[in-house]
Amino acid sequence: MSQHDNDPHHDGDFSSDFKRMLTRRNVLIGAGALSVAGTALYAQGAGVRPPPMNPSPEVLGTTENGEICVGQPQETNGPFPADGTNTREGQTVNALTLAGVIRPDITSSIAGLSGTAEGVPMALTMNLVNVDTACSPIAGMAVYIWHCDAAGQYSLYEIEDQNYLRGMQIANANGSVTFNSILPGTYRGRWPHVHFEVFRNAQAAVSGEKALLVGQLAFEKALVSGYYAADARYSESIPNLAVQTLSSDNVFGDSTALQLAAQIVKTTAQSPSRVAFTSEIGLTGV
């Protein structure tokens, strides 16, 4: 059984390529470090849930047509972000400085590493909107996403010689980015999810500016369970999903009903060989 986002358990050495990554930010800030420590304790079987994170206040916007947009809640980036905020074996982990990290297809490794993540092909479109200005599109911001593979493992940490399933894009004039990837698996203690961070622009991401938004997106259980059952590559995810609920998830569990609805991606295309999703990413104070 795998242990992951809440359980940084693997202790192997990094590859030489990984050790040469550039330093951007050296340590987790106190609140983030406490959150990671608490979730790791739970995942390792300590028998107690970590203290709940402080939920983000619900912020809503209204379009000119009267439709509602929801500010995405701030969430933990977990112990495996590779965004320069954490270290491994004394080395800062920073995929954002790698050549080729700005790309639409994140299934393969980059920057001298070779390998492709296997799983059900997935397209994920994210539409950035400004909740404070009638839900208007936000162009030019940088969106970094990362997630686990079909077996529930993360590149650069549990899969040390790969950096796939990580990438960044710049929002177009409509505030949209689309990533081509694979449907994530899941692991003990977590609901199936994708991590993301939104930066002011690409330079802000590379230079170490704080992300404007750190969030996570969830998937509907009925959909992912069907794909997991039909594809042997997701066999380890089936028992993990069976015992997990959104309400008990230590990230999504403290969201309001509207926030949770905004965090669950919407299915736009579905076939046995491919699935596509969309999500509206509401930002405030930008």
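We now turn to the structure provided with this report.

1. Thoughts on a nonpolar patch on the surface
(1) Moving on: On the surface, a nonpolar cluster with roughly 250 Å² of combined accessible area is contributed by Leu60, Ile68 and Leu258.
(2) Moving on: One can find Leu258 in helix α6 (residues 257-263).

2. A short note on the state of the cysteines
(1) Moving on: On inspection of all chains with the given rule, the structure shows one disulfide.
(2) Moving on: Disulfide pairing is shown between Cys69 and Cys135; the S-S distance is 2.1 Å. Taking the torsion about the S-S bond as the criterion, the Cys69 to Cys135 disulfide, at about -85°, is left-handed. With Cys69 in strand β2 (residues 68-70) and Cys135 in the loop between β5 (121-130) and β6 (136-137), this pair connects stretches of sequence that are 66 residues apart.

3. Looking at the pattern of salt bridges
(1) Moving on: The final tally for this structure, using the stated rule, is three salt bridges.
(2) Moving on: Taking the shortest distance from any N to any O, the salt bridge between Asp249 and Arg190 comes out at 2.8 Å. With Asp249 in the loop between α5 (237-242) and α6 and Arg190 in the loop between β9 (176-182) and β10 (193-199), the pair connects residues that are 59 residues apart, well separated along the chain. Comparing Asp249 with Arg190 shows no difference in burial state: the two are buried.
(3) Moving on: Between Asp231 and Arg233 there is a salt bridge, with the nearest N and O atoms lying 2.7 Å from each other.

4. Some details on the pairing of strand β3 (residues 83-88)
(1) Moving on: Among the six residues that make up β3, five are buried, leaving the element largely enclosed by the rest of the structure.
(2) Moving on: As judged from the three bridges shared by β3 and strand β4 (residues 91-94), these two strands associate in the antiparallel manner. Residue pairing for β4: Asp83 is matched across the bridge by Asn94.
(3) Moving on: Here β3 hands over to β4 after two residues, with Glu89 in that stretch at a positive phi of 50°.

5. Quick notes on the environment of Leu156
(1) Moving on: Residue position: Leu156 is located in the loop between β7 (142-146) and β8 (166-170).
(2) Moving on: The exposure class assigned to Leu156 is buried, which follows from its relative accessible area of 0%.
(3) Moving on: Between the alpha carbons of Leu156 and Val93 there is a distance of 8.1 Å; along the sequence they are 63 residues apart.

6. A few points about the packing of aromatic side chains
(1) Moving on: Applying the stated criterion across every chain yields a total of six aromatic pairs.
(2) Moving on: A centroid spacing of 4.9 Å and a plane angle of 25° characterise the contact between Tyr144 and Trp146, whose relative ring orientation is stacked. Of the two residues examined, Tyr144 and Trp146, each falls in the buried class.
(3) Moving on: With centroids separated by 5.9 Å and ring planes inclined at 70°, the aromatic side chains of Tyr154 and Tyr187 adopt a geometry described as edge-to-face. Of the two residues, Tyr154 is situated in the loop between β7 and β8 and Tyr187 in the loop between β9 and β10; the sequence distance between them amounts to 33 residues.
(4) Moving on: Residue classification places Tyr154 among the buried residues on the basis of a relative accessible area of 1%.
(5) Moving on: Looking at Tyr187, the relative accessible area reads 0%, which means it is buried.
(6) Moving on: Here a set of aromatic residues connected by ring pairs shows up, and it is made of Phe80, Tyr154, Tyr157 and Tyr187.

Here is what the cut-offs are and how they apply
- Residues numbered from 1 in each chain as written.
- Predicted model: local features only at pLDDT ≥ 70, side-chain atom pairs only at ≥ 80, totals over all residues.
- Heavy atoms only, no water.
- Patch = residues over 30% accessible without salt bridge, like charges linked within 9 Å, V, L, I, M, F, W, Y side chains within 5 Å.
- Areas by Shrake-Rupley, 256 points an atom, 1.4 Å probe, with all protein chains shown as cover.
- Salt bridge = Lys/Arg side-chain N within 4 Å of Asp/Glu carboxyl O.
- Helix = DSSP H or I, 4+ residues; strand = E, 2+ residues; numbered from the N terminus.
- Disulfide = S-S within 2.5 Å.
- Buried < 20%, exposed > 50% of the residue type's maximum accessible area, 1.4 Å probe, protein only.
- Pairing = 2+ DSSP bridges.
- Phe/Tyr/Trp six-rings, centres within 6.5 Å; stacked < 30°, edge-to-face > 60°.

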